[in-house]
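Architecture and fold: a report
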Amino acid sequence: MPMTPVIPASSGKPIAPFSPGAMADGVLYVSGTLPFDKDNNVVHVGDAAAQTRHVLELIKGVVEAAGGTMADVTMNHIFVTDWANYGAVNAVYAEYFPGDKPARYCIQCGLVKPDALVEIATVAHIGK
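Residues numbered from 1 in each chain as written. Predicted model: local features only at pLDDT ≥ 70, side-chain atom pairs only at ≥ 80, totals over all residues. Heavy atoms only, no water.

The name an unreviewed UniProt entry gives the protein is 3-aminoacrylate deaminase RutC, with Roseomonas populi as the organism. Quoted verbatim from the Function (unreviewed entry) field of the UniProt record, the comment on the protein reads "Involved in pyrimidine catabolism. Catalyzes the deamination of 3-aminoacrylate to malonic semialdehyde, a reaction that can also occur spontaneously. RutC may facilitate the reaction and modulate the metabolic fitness, rather than catalyzing essential functions." Recorded in UniProt for the protein, the comment headed Sequence similarities (unreviewed entry) runs: "Belongs to the RutC family." (UniProt positions renumbered as here; feature names shortened; annotations may be inferred.)

Side note on a nonpolar patch on the surface
Taken together, the side chains of I15, F18 and V112 define a hydrophobic patch exposed on the protein surface, amounting to about 270 Å² of accessible area. Tracing the backbone shows I15 in the loop between β1 (4-6) and β2 (21-24). Owing to a relative accessible area of 42%, I15 belongs among the partly exposed residues under this scheme. (Patch = residues over 30% accessible without salt bridge, like charges linked within 9 Å, V, L, I, M, F, W, Y side chains within 5 Å. Areas by Shrake-Rupley, 256 points an atom, 1.4 Å probe, with all protein chains shown as cover. Salt bridge = Lys/Arg side-chain N within 4 Å of Asp/Glu carboxyl O. Helix = DSSP H or I, 4+ residues; strand = E, 2+ residues; numbered from the N terminus. Buried < 20%, exposed > 50% of the residue type's maximum accessible area, 1.4 Å probe, protein only.)

A look at the nonpolar core
With 24 residues, the main nonpolar core has L28, L56, I59, V63, M70 and I78 as its most contacted residues. Looking at this core, the elements with two or more residues in it are β3 (27-33), α1 (48-65), β4 (73-80), α2 (86-96) and β6 (118-125). Here the element with the most residues in this core is α1; it accounts for five residues. In contact with I59, not counting residues within four places along its chain, are V30, T33, M70, I120 and T122. Within the second largest apolar cluster, six residues are counted, among which are L34, F36, V42 and L111. (Core = buried A, V, L, I, M, F, W, Y, C linked by side-chain atoms within 4.5 Å. Contact = heavy atoms within 4.5 Å.)

Here is the structure:
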C-alpha cells in the first residue's frame, strides 16, 4: 500500500529525516512530536503542562491536515523525562481526549533536547 506524507503548512523543518505524519490505508501515523517552535527551539521551558498543550496542538494540526479529528486518535505513545510531570501531562491530555480515551502508554526517558519534558507519537484511523 502506498504511503502519503502529511505535512501541515505550519510545520517547521524537521531536525531529522522524517515527515510529521504518514498516511497509509486510512491509518495516520504521527511522528514523535516535541514542544518545538518552527525553528526547532523548545518552547515553554520548565512547564510540562504548556509543553504538553503545544505538542497536542501540533499533533492536532497533523491529524486535521490528514482530514481527521482528535476523536480519530486510537493510540498515543507518551515519553516524559520526569515522573514528577506525569500529573501535569495527564491534566492537559484529558482536555484533548474528553470522551472515550485512546489506548496509550507512557515511559520515562531522555529526549533529543534537554529542555523538552514531553514527546508524544500518535496513531489515528481516518476514513475507510
